[in-house]
Amino acid sequence: MAILVTGGAGFIGSHTCVELLNAGEEIVVMDNFYNSNAKALDGIKEITGKNFKFYEADMLDMAAVDEIFAENDIEAVIHFAGYKCVPESVKKPLMYYSNNLRGTFNILECMKKYGCTKFVFSSSATVYGIPETVPVKEDFPLSAINPYGSTKLIIENLCREMAAASDKWSMILLRYFNPVGAHESGKIGEDPNGIPNNLMPIVLDKATGKREVLSVAGNDYPTPDGTCVRDYIHVVDLAKGHVAAIKKARSSNGALAYNLGTGNGYSVLEILDTFQRVNNIDLGYTIGERRPGDAAATYADPTLAEKELGWKAEKTLEEMCRDAWNFRKLREEENK
Ligand code: UD1
């Protein structure tokens, strides 16, 4: 029996593969390398010393997805594959709906056909929209404020409705806060194609000189230092949350949602200052305009995940900044 990991070569997917293998699970990985790299697969093997079956396949290709289920005994699916760039989703909503929804339908249809009923979904704290209060709890109202968020919310709703219609399903909806960092070996990390729009990849580009400007998006928010506050979580902690979610999927049914965050809010300035200090780098950032659509502060109440999944984030902000830079430095040297 194996766990199928869609998008397993991606940032969170690759770290999750490592933690699953370390926990003794058998995995089958699929990815189309749209926003990932085959090097991640070598990294997973090097870190764990274990091998796994890989399919270079697109989830929109139903025949390819079906083949994976036909050739393997898939017990559960962890579904990461999907487009994830918020500004791009605003410009290309149809592309986002079409890929993220149709792909997920194909996965779920195959699960149904082959009697696989355990599904762990890579959701996002974006499903809370702009929360009225913090920390954010799982029972807060849900809303979408961009097409990317809409796709996450629609899939969550579908999971809830499927679980309500049949008690065979076990759906675990994991709402990630802000994943950063990399495996401490430096063998896997965040390696997106194209120009990044999230804070840490932008910081890394500035630190390597690949990018000229690093601008803090507003310092007049109602927060202690005026910059936005987020719940940054080390990707290895996040990955371990998926191992806990698989265990939960095996012992429960219905649709259950969990925040995966640390419960700590850090401001943009705290991130930049910590990055500079632990890595001994002067980022040379500037203060700029607010970014449209940003909430002043959002961070998780992670107590439900601790109580029901037995999982808790453990790594510090220093480790997030150190490991992210360590990966990037090694990757830059390799690419020289
Ligand atoms: C963003 C998405 C969110 C998605 C998440 C996935 C938006 C509005 N939200 O969250 O839906 O689930 O990524 O990882 O895009 N910042 C700067 N300067 C920069 C870039 C960012 O100061 O050049 C600030 C932002 O204002 C924000 C913080 O850094 O306060 C984090 O930004 P980002 O990494 O994009 O994450 P979120 O906005 O929290």
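Section: the packing of aromatic side chains
- Counted by the stated rule, this structure contains six aromatic pairs.
- Ring centres of Y34 and Y83 lie 4.5 Å apart, and the angle between their planes is 35°; this geometry places the pair in the tilted category. With Y34 in the loop between β2 (27-31) and α2 (39-48) and Y83 in the loop between β4 (74-79) and α4 (86-91), this pair connects stretches of sequence that are 49 residues apart.
- Looking at Y34, the relative accessible area reads 41%, which means it is partly exposed.
- We classify Y83 as buried; its relative accessible area is 15%.
- Clustering of aromatic rings is evident, with ring pairs tying together Y34, Y83 and Y96.
- Across the ring face of F52, the terminal group of K45 is positioned such that the distance to the ring centre comes to 5.2 Å.
- A cation over a ring is seen here: R290 above Y221, with NZ or CZ 3.9 Å from the ring centre.

Digging into the domain arrangement of the protein
- Annotation of the protein at the domain level lists domain 1 (2-182 + 231-263) and domain 2 (199-229 + 264-303 + 318-334).
- Computed over C-alpha atoms, the centres of domain 1 and domain 2 are 25 Å apart.
- Facing the 21 residues of domain 1 at the interface are 22 residues of domain 2.
- For the pair domain 1 and domain 2, the two sides together bury roughly 1900 Å², of which 62% comes from carbon and sulfur.
- Where domain 1 packs against domain 2, one counts two salt bridges.
- Its salt-bridge partner being K39, residue E334 comes within 3.7 Å of it at the nearest N-O pair.
- Where domain 1 touches domain 2, the interface holds eight residue pairs in polar contact (both at pLDDT 80 or more).
- Here the side of domain 1 that touches domain 2 takes three residues from strand β10 (residues 232-234), the largest share from any one element.

Structural notes on the pattern of salt bridges
- Under the counting rule described, the total for this entry stands at 18 salt bridges.
- A salt bridge links R175 to E156; the shortest N-O distance between them is 2.7 Å. On the criterion of sequence distance, the pair formed by R175 in strand β6 (residues 170-176) and E156 in helix α6 (residues 147-165) is long-range, its members being 19 residues apart.
- Given a relative accessible area of 1%, R175 falls into the buried group.
- The class of E156 is buried, set by a relative accessible area of 0%.
- Taken together, the shared-partner salt bridges in this structure form one network comprising K39, D191, R331 and E334.

Focus on the nonpolar core
- Counting 38 residues, the largest nonpolar core has I3, L20, I27, L174 and W311 as the members making the most contacts within it.
- Residue contributions to this core peak at seven residues, all from helix α8 (residues 235-250).
- Sequence-distant contacts of I3, defined by excluding residues within four places in its chain, comprise L20, E25, E26, I27, V28, E75, A76, I78, I246 and R250.

Quick look at helix α5 (residues 93-114)
- Taking 1.5 Å per residue as the helical rise, α5 with its 22 residues ought to reach 32 Å, and the 31 Å between its terminal C-alpha atoms agrees with that figure.
- Taken as a whole, α5 has its buried residues at Y96, N99, N100, L101, G103, T104, N106, I107, L108, C110 and M111.

Things to note about the sheet that holds β4
- With parallel pairing, seven strands are arranged side by side in an open sheet as β3-β2-β1-β4-β5-β6-β11. For this open sheet the edge positions go to β3 (53-56) and β11 (254-260), each flanked by a neighbour on one side alone. Neighbour-to-neighbour, the strand axes of the sheet open up by a mean angle of 15°, direction not taken into account.
- Across seven bridges, strand β5 (residues 118-124) lies against β6 in parallel orientation. Paired with S124 across the bridge in β6 is Y176.
- Against the sheet, helix α3 (residues 62-71) makes contact with β1 (2-6), β2, β3 and β4, and its axis sits at roughly 165° relative to β3, the strand it touches most.

Considerations on unusual backbone geometry
- Residue V134 is joined to P135 through a cis peptide bond whose omega torsion reads -5°.
- Here P135 shows up in the loop between β5 and α6.
- If you check the backbone angles, F33 has positive phi at about 60° while not being a glycine.
- With respect to the helices and strands, the residue F33 is situated in the loop between β2 and α2.
- Of note, N280 is a non-glycine position whose phi angle comes to about 55°, a positive value.
- Along the chain, the position of N280 falls in the loop between α9 (268-279) and β13 (286-288).

Some points on the pairing of β3
- Across four bridges, the pairing between β2 and β3 is parallel. Its bridge partner lying in β3, M30 is registered against Y55.
- Taken together, β2, α2 and β3 constitute a β-α-β crossover, and its handedness is right-handed.

Conventions we followed
- Residues numbered from 1 in each chain as written.
- Predicted model: local features only at pLDDT ≥ 70, side-chain atom pairs only at ≥ 80, totals over all residues.
- Heavy atoms only, no water.
- Phe/Tyr/Trp six-rings, centres within 6.5 Å; stacked < 30°, edge-to-face > 60°.
- Helix = DSSP H or I, 4+ residues; strand = E, 2+ residues; numbered from the N terminus.
- Buried < 20%, exposed > 50% of the residue type's maximum accessible area, 1.4 Å probe, protein only.
- Lys NZ or Arg CZ within 6 Å of the ring centre and 35° of its normal.
- Domains from an automatic or database assignment.
- Contact = heavy atoms within 4.5 Å.
- Buried area = accessible area lost by both parts, 1.4 Å probe.
- Salt bridge = Lys/Arg side-chain N within 4 Å of Asp/Glu carboxyl O.
- Polar contact = N/O pair within 3.5 Å; in protein donor to acceptor, adjacent residues only side chain to side chain.
- Core = buried A, V, L, I, M, F, W, Y, C linked by side-chain atoms within 4.5 Å.
- Expected span 1.5 Å × (residues − 1).
- Pairing = 2+ DSSP bridges.
- Axes fitted to C-alpha atoms, helices over the stretch in contact; angles between N-to-C directions.
- Right-handed = clockwise from strand over helix to strand, strands pointing away.

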